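The lines below spell out each chain.
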Amino acid sequence: MTKDYLLIDGFKHYPFTPEQFSENEILEKTASYYTFMDKRRSVRHFSDKLIPLDIIKNIIRTASTAPSGAHKQPWTFCLIQSPKIKQQIREAAEAEEEKSYTQRMSKTWLQDLAPLGTNTDKPFLEIAPYLIVVFKKAYEIDKNGEKRQNYYVNESVGLACGLLIAAIHNAGLVTLTHTPSPMRFLEQILERPSNERAFLLLPVGYPAKEVYVPAIKRKPLDKIYKIY
Ligand code: IYR
């Protein structure tokens, strides 16, 4: 008989029944989920149409279901809707991008980026109704002001960002993983505490009326997997 809970090293473990499906259902679900996810594209052209806050809250809740090292959930999702702060972020990001495109990025890097059609101009940082800036928590600060270690911080926050992107796509909204580098300016503009480092910047919104995306293809399965 299933117990209410187990005690392992003095800690409670509850019974858990993962949802199960028939093999046919699984085949159908995995195929349709793949087809749906394969329709996701990084989009650089946004509508300025507003999105109810409750929708974005659900999306951020979903991202925070990601697994994390020792369940520390070492992330903060900063949601920016203030036009003034968006403008500040755009100005600072474009200043960094200017240096990156003209001085910091190698010739090969610029050649690799050419098919994507990116440049230093980032109007989407002001047009999209929301910017989400994901911060990783290098460590925690407890009630006594002591540092507490976090684990696998990059892996954990990367996983949360993956779920965030999937949740945005599931909502029929679009996003882009924008990587102005270095991102210190985000910590300053958003006045983040000293244990937080900017990890990724994502504008979120409805797509513009007309959207163009680069003519690039995903690698086929035989190029990305190997059976042993
Ligand atoms: N951070 C720049 C350049 C850039 C770099 C990579 I790697 C990309 O996949 C796309 C862009 C920018 O956001 O434009």
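Right above here is the structure, for reference.
1. Here's the deal with the packing of helix H2 (residues 53-63) against helix H6 (residues 153-170)
- Where H2 contacts H6, the axes come no closer than 7 Å and their chain directions differ by 145°. Both H2 and H6 take part in a crossing whose hand is right-handed. Here Ile 59, Ile 60, Thr 62 and Ala 63 of H2 come into contact with H6, specifically with Ala 160, Leu 163, Leu 164, Ala 167 and Ile 168.
- Of the residues contributing to the contact of H2 with H6, the split by class is eight nonpolar, one polar and no charged.

2. What about the environment of Tyr 33?
- Along the polypeptide, Tyr 33 turns up in helix H1 (residues 23-37).
- Given a relative accessible area of 48%, Tyr 33 falls into the partly exposed group.
- The sequence separation of Tyr 33 and Gly 172 amounts to 139 residues, and the corresponding C-alpha distance is 14 Å.

3. Points about the sheet that holds strand S7 (residues 174-175)
- One open sheet holds the four strands; their spatial order is S3-S4-S8-S7, and the pairing between them is antiparallel. Of all strands in the sheet, those with a lone pairing partner are strand S3 (75-80) and S7, marking the two edges.
- When strand S4 (residues 130-137) meets strand S8 (residues 196-205), the two strands line up antiparallel, connected through eight bridges. For Val 133, the partnering residue across the bridge sits in S8 and is Leu 201.
- In the packing of H2 onto the sheet, contacts are made with S3, S4 and S8, and the angle to S3 comes to roughly 160°.

4. What to know about the pairing of S4
- The buried count for S4 comes to seven of eight residues, which makes it a mostly enclosed element.
- Where S3 and S4 come together, six bridges link them in antiparallel fashion. Bridge pairing in S4 places Ile 80 opposite Leu 131.

5. Examining the site of the ligand
- Within the structure, the ligand sits among Glu 97, Tyr 101, Trp 109, Leu 113, Leu 116, Thr 118, Asn 119, Lys 122, His 178 and Thr 179.
- Interatomic distance of 3.0 Å between a side-chain N/O atom of Glu 97 and a nitrogen atom of the ligand.
- In the environment of the ligand, an oxygen atom lies 2.5 Å from a nitrogen or oxygen atom belonging to the side chain of Lys 122.
- Starting from 380 Å² of accessible surface for the ligand in isolation, the protein chains cover 72%.
- Because more than half of its atoms lie within 2 Å of the grid, the ligand is assigned to the largest pocket.
- Mapped by element, the contributors of at least two residues to the shell around the ligand are helix H3 (83-104) and helix H4 (107-113).
- Across the shell around the ligand, the residue classes break down as four nonpolar, four polar and two charged.

Procedures and definitions
- Residues numbered from 1 in each chain as written.
- Predicted model: local features only at pLDDT ≥ 70, side-chain atom pairs only at ≥ 80, totals over all residues.
- Heavy atoms only, no water.
- Axes fitted to C-alpha atoms, helices over the stretch in contact; angles between N-to-C directions.
- Helix = DSSP H or I, 4+ residues; strand = E, 2+ residues; numbered from the N terminus.
- Left-handed = near helix turned anticlockwise from the far one by under 90°.
- Contact = heavy atoms within 4.5 Å.
- Nonpolar A, V, L, I, M, F, W, Y, C, P; charged D, E, K, R; others polar.
- Buried < 20%, exposed > 50% of the residue type's maximum accessible area, 1.4 Å probe, protein only.
- Pairing = 2+ DSSP bridges.
- Near = heavy atom within 4 Å.
- Polar contact = N/O pair within 3.5 Å; in protein donor to acceptor, adjacent residues only side chain to side chain.
- Areas by Shrake-Rupley, 256 points an atom, 1.4 Å probe, with all protein chains shown as cover.
- 1 Å grid on protein atoms, 1.4 Å probe; cavity = no way out; pocket = protein on both sides within 12 Å on 5 of 7 lines; lining within 4 Å.
- Sits in = over half its atoms within 2 Å of the grid points.

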